[in-house]
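Remarks on the overall topology
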Amino acid sequence: MVAIAVDGLTRTFGDVTAVDDLSFTVEDGEIFGLLGPNGAGKSTLINVLVTLLRPTAGTATVDGHDVESETAAVRDSLGIVFQEPALDEELTGAENLAFHARLYGMDRRERTERIDEILDLVGLADERDDPVGTYSGGMKRRLEIGRGLLHEPAVLFLDEPTVGLDARTRRDTWEYIQRMNREAGVTIVLTTHYIEEAEHLCDRVAVVDDGEIAAIDTPAALTASLGGDVVTLAVEGPTGALTDRLDDQSWVTEYTRTDEGVTVTVERGEARIADLVRLADDAGVTITSVDLRRPNLETVFLSLTGATIEEREAGDAERPVATEAER
Ligand SMILES: Nc1ncnc2c1ncn2[C@@H]1O[C@H](COP(=O)(O)OP(=O)(O)OP(=O)(O)O)[C@@H](O)[C@H]1O
């Protein structure tokens, strides 16, 4: 079944189109990632899906309920963890959960059982009676994720779930998110601007830039779409004699001349470096350096948008003439 269906969804703020005519679906049980730089429109999209913002145009359903006409049913079907932590530091972990369980109208028995279950699930059973103020950043995140699952939602939204956590804690948090997904059977939709997070955690990723989805697929398929590894050869002098020879090689996916030399896309780049050096030699072209890049979601983002996520976030509006991945 489809957990989320988005059709022609648009949300504007004055002149700014934060979400621009998006259409996609998320299947039940998926971990689905929205990958893009800050300002790409990810939070706006999530806020529309969780009924905090109304769409300007288009429709969206969560667990089969329309976000505009069935807001109460949508809210019952989802849990959300916002970017900004929202825990009462003076209360214990169990008390924080109990407070929310009461908001959901659970009776005492149901509350006790569910809170024990959640604390087990997020690995905080031993710290249940410690004030949250004494928790580490990772523990707080886990408690918030657990809180989002209290009422057994069909879909859990996580807005930048590991922002501000160190690399080790980030990886631990991924494991907990995967565990929630498997053991609680909850569909997870998360936003991230971390390439690694999208690559390691998500079943499918939508690459979001400027309010639009540039591509949507599994991380492996997105990466494979680049057509292989990129070998960059810097050479002395003209490259014509070398590119003439590249034209004749069936194993060359594509190549582009650059100021410094040639970038060549090939499968199994490590096995082709020797062939490339031999071809250059035959052509009388001297190679001064060789660089091999494996495609990953960073190179995918680069090839789709003409800039890296970091460049986008630094406000680098200027798009390079030819990117590494495009070459
Ligand atoms: N309430 C608002 N009023 C005006 N403009 C807004 C509002 N909310 C978002 N925007 C604009 O919409 C665009 C998308 O913002 P959005 O917060 O959705 O991006 P994002 O990808 O989630 O980034 P972040 O992770 O920083 O929240 C930005 O240009 C932002 O300035």
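All figures in this text were calculated on a predicted structure; none of them were measured in a lab.

**Looking at the overall build of the protein**
In terms of regular secondary structure, the protein is built from twelve helices and 14 strands. Taking the principal axes of the C-alpha coordinates as reference, the protein spans close to 80 × 45 × 35 Å. Residue burial in the protein is summarised as follows: out of 327 residues, 40% are buried. Taking contacts inside the protein between residues at least 6 apart in sequence as the whole, the part at least 24 apart equals 68%.

**Section: the site of the ligand**
Around the ligand, a shell composed of Phe13, Val16, Ala18, Gly36, Asn38, Gly39, Ala40, Gly41, Lys42, Ser43 and Thr44 is seen. Elements that contribute at least two residues to the shell around the ligand include exactly strand 2 (16-27) and helix 1 (42-49). The leading source of residues in the shell around the ligand is helix 1, at three residues. Taken together, the residues that form the shell around the ligand break down as four nonpolar, six polar and one charged.

**Regarding the sheet that holds strand 1 (residues 2-13)**
Taken together, four strands build an open sheet; the order of strands is 2-1-4-5 and the sheet is antiparallel. Strands with a single pairing partner mark the edges of an open sheet, and in this sheet they are strand 2 and strand 5 (65-66). With two bridges joining them, strand 4 (residues 57-62) and strand 5 adopt antiparallel strand pairing. In the sheet register, Thr61 faces strand 5, and the bridge partner there is Asp66. Packing against the sheet, helix 1 makes contact with strand 1, strand 2 and strand 4, and its axis sits at approximately 60° to strand 2.

**With respect to the packing of helix 3 (residues 93-103) against helix 5 (residues 137-148)**
One can describe the packing of helix 3 onto helix 5 by two numbers: an axis separation of 10 Å at closest approach and a directional angle of 25°. One finds that helix 3 runs roughly parallel with respect to helix 5. In the crossing of helix 3 with helix 5, the sense of the turn from one axis to the other is right-handed. Here helix 3 contributes Gly93, Asn96, Leu97 and His100 to the contact with helix 5, which in turn contributes Leu143, Gly146 and Arg147. Its residues placed into classes, the contact of helix 3 with helix 5 shows two nonpolar, four polar and one charged.

**Notes on the environment of Glu27**
Along the chain, Glu27 falls in strand 2. The exposure class assigned to Glu27 is partly exposed, which follows from the 13 C-beta atoms found within 10 Å. Linking Glu27 and Met1, residues 26 residues apart in sequence, is a C-alpha distance of 6.2 Å. In this structure Glu27 touches Val2 and Ala3, once residues within four positions along its chain are discounted.

**Examining the UniProt feature "domain: ABC transporter" (unreviewed entry) in the protein**
The positions UniProt marks with the feature "domain: ABC transporter" (unreviewed entry) are residues 4-235. The distance separating the terminal C-alpha atoms of residues 4-235 is 51 Å; by composition the span is 35% helix and 30% strand.

**Quick word on the sheet that holds strand 11 (residues 229-236)**
Strand pairing in a sheet relies on backbone hydrogen bonds, with the paired strands running either antiparallel or parallel. Pairing is antiparallel in the open sheet, where four strands are placed in the order 12-13-11-14. One side of each edge strand has no neighbouring strand; the edge strands of this open sheet are strand 12 (252-257) and strand 14 (286-293). When strand polarity is set aside, the average angle formed by the axes of neighbouring strands in this sheet is 20°. Summarising the sheet, strand 11 and strand 14 pair through seven bridges and their orientation is antiparallel. Note on strand 14: the bridge partner recorded for Glu236 is Thr286. The strands touched by helix 10 (residues 269-282) within the sheet are strand 11, strand 13 (261-266) and strand 14, with strand 11 carrying the most contacts at an inclination of about 25°.

**A short note on helix 5**
For helix 5, which comprises twelve residues, the first-to-last C-alpha distance of 17 Å matches the rise-based estimate of 16 Å (1.5 Å per residue) to within 8%. Among the twelve residues that make up helix 5, nine are buried, leaving the element largely enclosed by the rest of the structure. The set of residues buried in helix 5 consists of Lys140, Arg141, Arg142, Leu143, Glu144, Ile145, Gly146, Arg147 and Gly148. Where helix 5 is buried, its residues contact strand 6 (78-81), helix 3, helix 4 (108-121), strand 7 (155-159) and helix 6 (167-183).

**What to know about the nonpolar core**
Leu49, Val155, Phe157 and Ile188 are the most contacted members of the largest nonpolar core, which totals 66 residues. Setting aside chain neighbours within four positions, we find Leu49 in contact with Ile4, Ala60, Val62, Val67 and Phe157. Core analysis: the second largest hydrophobic core is formed by 14 residues, Val230, Leu246, Tyr255 and Val262 among them.

The rules behind these values
- Residues numbered from 1 in each chain as written.
- Predicted model: local features only at pLDDT ≥ 70, side-chain atom pairs only at ≥ 80, totals over all residues.
- Helix = DSSP H or I, 4+ residues; strand = E, 2+ residues; numbered from the N terminus.
- Buried ≥ 20, exposed ≤ 12 C-beta atoms within 10 Å, placed from the backbone.
- Contact = placed C-beta atoms within 7 Å.
- Near = placed C-beta within 6 Å.
- Nonpolar A, V, L, I, M, F, W, Y, C, P; charged D, E, K, R; others polar.
- Pairing = 2+ DSSP bridges.
- Axes fitted to C-alpha atoms, helices over the stretch in contact; angles between N-to-C directions.
- Parallel < 35°, antiparallel > 145°, perpendicular 65-115°, else oblique.
- Left-handed = near helix turned anticlockwise from the far one by under 90°.
- UniProt positions renumbered as here; feature names shortened; annotations may be inferred.
- Expected span 1.5 Å × (residues − 1).
- Core = buried A, V, L, I, M, F, W, Y, C linked by C-beta atoms within 7 Å.

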